[in-house]
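Coordinate inspection notes
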Amino acid sequence: MSSTSLGPRRKPSRKGSMADVPKDMLQEIKKLEDMFTVDTAKLKAICDHFIKELAKGLTVEGGSIPMNPTWCMGFPTGNETGTFLALDMGGTNLRVCEINLPEEKGEFDIIQSKYRMPEELKTGNADELWAYIADCLQQFIEYHHEGEKLDKLPLGFTFSYPATQEYIDHGILQRWTKGFDIDGVEGKDVVPPFEEALEERGVPIKLTALINDTTGTLIASSYTDQEMKIGCIFGTGCNAAYMETCGNIPKLAHMNIPADQEIAINCEWGAFDNEHKILPRTPYDVIIDKDSPRPGQQAFEKMIAGLYLGELFRLVLVDLHEQKHVKFFEGQDIASLRKPYSLDASFLSDIENDPYENLQETHDVFASKMNIKCSKPELELIRRLAELIGTRSARLSACGVAAICKKMNYKTCHVGADGSVFNKYPHFKARGAQALKELLDWETGRDGKPLGRGHDPVEILPAEDGSGVGAALIAALTLKRVQEGNVMGIRDPEGMLKGTAAAKSGNKQVAPETKK
Ligand code: GLC
């Protein structure tokens, strides 16, 4: 009886409860622990290499981390105003928002609609993609502004893939990431076909800024918290953005921008260590890469991001079953476990969250979802494996955060984070904070207080809505620059104002009536 009762809230690791696990299974667990554990020394070595790679990405020669300048030239003041649209082309959904930034500092109102991204679209062709997106925007406008005669609405488009931007209203897709594989987009500027699709439909929208979700997160978070210095996404993909000064960006030197001018850099750190010099890859990481649409790319991301966590877990279980001497799921038909990408990160979250000491929920879900009956020792291995994969993800992610802090010499700061793994994966935050402590050698918290929530010198905190509010703010900052005649990194400053409320109202964008 006692084994099925709800226990106290569990610590991040429950290594101690393996008493009844047979020796051979313990050996397998030990092997997995050796493979997936990243100790302090390794964390530090990865971080040191990371710092060098961040700098290398800013040079003319470049490295594997793209370090893309975004032409978002500084933080918001909190006094931005106006009405903007934001479009977020995320993985599962397409989200359209209308954001009003009122006179009150740091405030905003938002209305939004979500549209499902059809699975076929992710591997379809470019025309279908742009047509679908334009249709959603048209629907949004028709629904929320029925019968109104509208000025053109400025739009911030969150396109969360690596893009080379010569201007903020321009972006050549370097390569698809996160399993997307749409023909005819890579290597091309995504803005013209997007605008053409809008024009064909007569949708009154003008693209003002093409942004990355990390840049949006950085800007949205700093709108309400001035200590925010880094924006991160720990979700389907993993990446970060931070504010750099142009003097530190050799690849922009030819543009003679003042050295102290700020510009947000979208690191695209998912590509860290594509040349496999430092990350402790397991054979399972190698398989994930080999079987992905873009082998050789996104080495770091493939070890830590939500898209891959469930798949890593699945590959290990299948492998254990195949090794006849291990006797794992022995004599059972594991056909349903053989389907690639059939388990997502929430499956691992659920295992780590199983409140029952005998792992009843995990037992039941394997039985109902995959028709596999797990023994108690098998369940113990399964739970430990989920912990190992989740912990590795959090610890490796922290290396990137620490690397930016060290590069920029931030002794204290806030990091705004968003994404399903950050928001939903159990213990991700605590494990990340622990790794930062090891990486940055903290003895005490801020002002000599003990380490812990609220006192850690660098804290990763839930971000404001980057691809909504962040996109709107970046559009606002861009329009403001156009109005002030500061058109650095803006391709079409005139076109940006034409037909919008901003053009009519002189120096300030007029906010139409707010809707909630
Ligand atoms: C992938 C994309 C990157 C994005 C991240 C999080 O790494 O390449 O642009 O920021 O996922 O969504």
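Residues numbered from 1 in each chain as written. Predicted model: local features only at pLDDT ≥ 70, side-chain atom pairs only at ≥ 80, totals over all residues. Heavy atoms only, no water.

Named according to an unreviewed UniProt entry, the protein chain is Phosphotransferase originating from Meristemomyces frigidus. Under the heading Sequence similarities (unreviewed entry), UniProt records this for the protein chain: "Belongs to the hexokinase family." (UniProt positions renumbered as here; feature names shortened; annotations may be inferred.)

So, about the overall build of the protein chain. Of the regular secondary structure elements, the protein chain holds 16 helices and 13 strands. Relative to the globule expectation of 24 Å for 516 residues, the C-alpha radius of gyration of the protein chain, 24 Å, shows essentially globular dimensions. Projected onto its principal axes, the C-alpha coordinates of the protein chain cover approximately 75 × 50 × 45 Å. Split into buried and exposed, the 516 residues of the protein chain put 57% on the buried side. Long-range pairs, those at least 24 residues apart, make up 71% of the contacts in the protein chain between residues at least 6 apart in sequence. Approximately 21,600 Å² of the protein chain is accessible, and the part contributed by carbon and sulfur atoms is 51%. Charge centroids of the protein chain, computed over 61 positive and 76 negative side chains, lie 5 Å from each other. (Helix = DSSP H or I, 4+ residues; strand = E, 2+ residues; numbered from the N terminus. Rg over C-alpha atoms; globule rule 2.2 N^0.38 Å. Buried < 20%, exposed > 50% of the residue type's maximum accessible area, 1.4 Å probe, protein only. Contact = heavy atoms within 4.5 Å. Areas by Shrake-Rupley, 256 points an atom, 1.4 Å probe, with all protein chains shown as cover. Lys, Arg positive; Asp, Glu negative; His and termini not counted. Charge placed at Lys NZ, Arg CZ, Asp CG, Glu CD.)

It is worth spelling out the UniProt feature "domain: Hexokinase N-terminal" (unreviewed entry) in the protein chain at this point. In the UniProt entry, the feature "domain: Hexokinase N-terminal" (unreviewed entry) is given for residues 28-223. A helix fraction of 35% and a strand fraction of 23% characterise residues 28-223, whose end C-alpha atoms lie 49 Å from each other.

Time to look at the sheet that holds strand β1 (residues 68-69). Adjacent strands of a sheet pair through backbone hydrogen bonds, lying either parallel or antiparallel. Ordered by their spatial adjacency, six strands build an open sheet running β1-β11-β10-β9-β12-β13, and the pairing between neighbours is mixed. Single-partner strands in this sheet number two, and they are β1 and β13 (458-462). Bridge count for strand β10 (residues 238-245) against strand β11 (residues 262-266) is five bridges, and the pairing is antiparallel. Across the sheet, residue A241 finds its bridge partner in β11, namely N266. Contacts from helix α5 (residues 213-224) reach β9 (228-234), β10, β11 and β12 (413-418) within the one sheet, and its direction differs from that of β9 by about 135°. (Pairing = 2+ DSSP bridges. Axes fitted to C-alpha atoms, helices over the stretch in contact; angles between N-to-C directions.)

Attention now moves to the nonpolar core. Core analysis: the biggest nonpolar cluster contains 125 residues, and F234, W269, F313, L317, F329, F366 and V401 have the highest contact counts within it. In contact with F313, not counting residues within four places along its chain, are L343, F347, L348, I351, F366, I382, L385, A386 and I389. In terms of nonpolar packing, the next biggest core, distinct from the first, is built from 37 residues, L121, A126, I141 and L155 among them. (Core = buried A, V, L, I, M, F, W, Y, C linked by side-chain atoms within 4.5 Å.)

Quick look at helix α3 (residues 126-144) now. Over its 19 residues, α3 extends 27 Å from the first C-alpha to the last, a length consistent with the 27 Å expected when each residue adds 1.5 Å. Regarding α3, the residues found buried are A126, L129, W130, I133, A134, C136, L137, F140, I141 and H144. Burial along α3 is one-sided: seen end-on, the buried residues are contained in an arc of 155°. Across from the buried face of α3, at angles greater than 90 degrees, the exposed residues are D127 and Y143. On its buried face, α3 sits against β2 (82-89), β3 (93-101), β4 (109-116), β5 (153-159), α4 (191-201) and β8 (205-211). Measuring from the side-chain oxygen of the N-cap residue of α3 to the backbone nitrogen of D127 gives 3.1 Å; that N-cap residue is N125. (Expected span 1.5 Å × (residues − 1). Arc of directions from axis to C-beta. Polar contact = N/O pair within 3.5 Å; in protein donor to acceptor, adjacent residues only side chain to side chain.)

It is worth spelling out the sheet that holds β5 at this point. What the five strands build is an open sheet, ordered β4-β3-β2-β5-β8; its pairing is mixed. The outermost strands of the open sheet, each flanked by one partner alone, are β4 and β8. The mean inter-strand angle of the sheet, taken between neighbouring strand axes irrespective of direction, is 20°. This element, α4, spans β2, β5 and β8 of the sheet and lies at about 155° to β8.

Taken N-terminus to C-terminus, the directions of α3 and α4 make an angle of 50°; their axes are 9 Å apart at the nearest point. Our classification of the angle between α3 and α4 gives oblique. Remark: the crossing between α3 and α4 carries right-handed chirality. For the pair α3 and α4, the contacting residues are W130, A131, I133, A134, D135, L137 and Q138 in the first and P193, F194, A197, L198 and R201 in the second. (Parallel < 35°, antiparallel > 145°, perpendicular 65-115°, else oblique. Left-handed = near helix turned anticlockwise from the far one by under 90°.)

Next up on the list: the environment of M25. With respect to the helices and strands, the residue M25 is situated in helix α1 (residues 23-36). In this structure, the C-alpha to C-alpha distance between M25 and F328, residues 303 residues apart in sequence, is 8.6 Å. What M25 contacts, discounting residues up to four positions off in sequence, is F328, P377, E378 and L381.

This chain's UniProt record puts "domain: Hexokinase C-terminal" (unreviewed entry) on residues 229-477. Structurally, residues 229-477 is divided into 46% helix and 12% strand, and its ends, taken at the C-alpha atoms, are 17 Å apart.

The full set close to the ligand counts 15 residues, and T177, N212, D213, E268 and E301 are the nearest of them. Within the backbone of Y161, one N or O atom sits 3.2 Å away from an oxygen atom of the ligand. Measuring from an oxygen atom of the ligand, one finds a side-chain N or O atom of T177 at 2.8 Å. Secondary-structure elements contributing two or more residues to the shell around the ligand are α5 and β10. Tallied by class, the residues present in the shell around the ligand amount to four nonpolar, seven polar and four charged. (Near = heavy atom within 4 Å. Nonpolar A, V, L, I, M, F, W, Y, C, P; charged D, E, K, R; others polar.)

We now examine unusual backbone geometry. A positive phi angle, near 50°, is found at M67, a position not held by glycine. Look at W71: it is not a glycine, yet its phi comes out positive at around 65°. Tracing the backbone through its elements, the reader meets W71 in the loop between β1 and β2.

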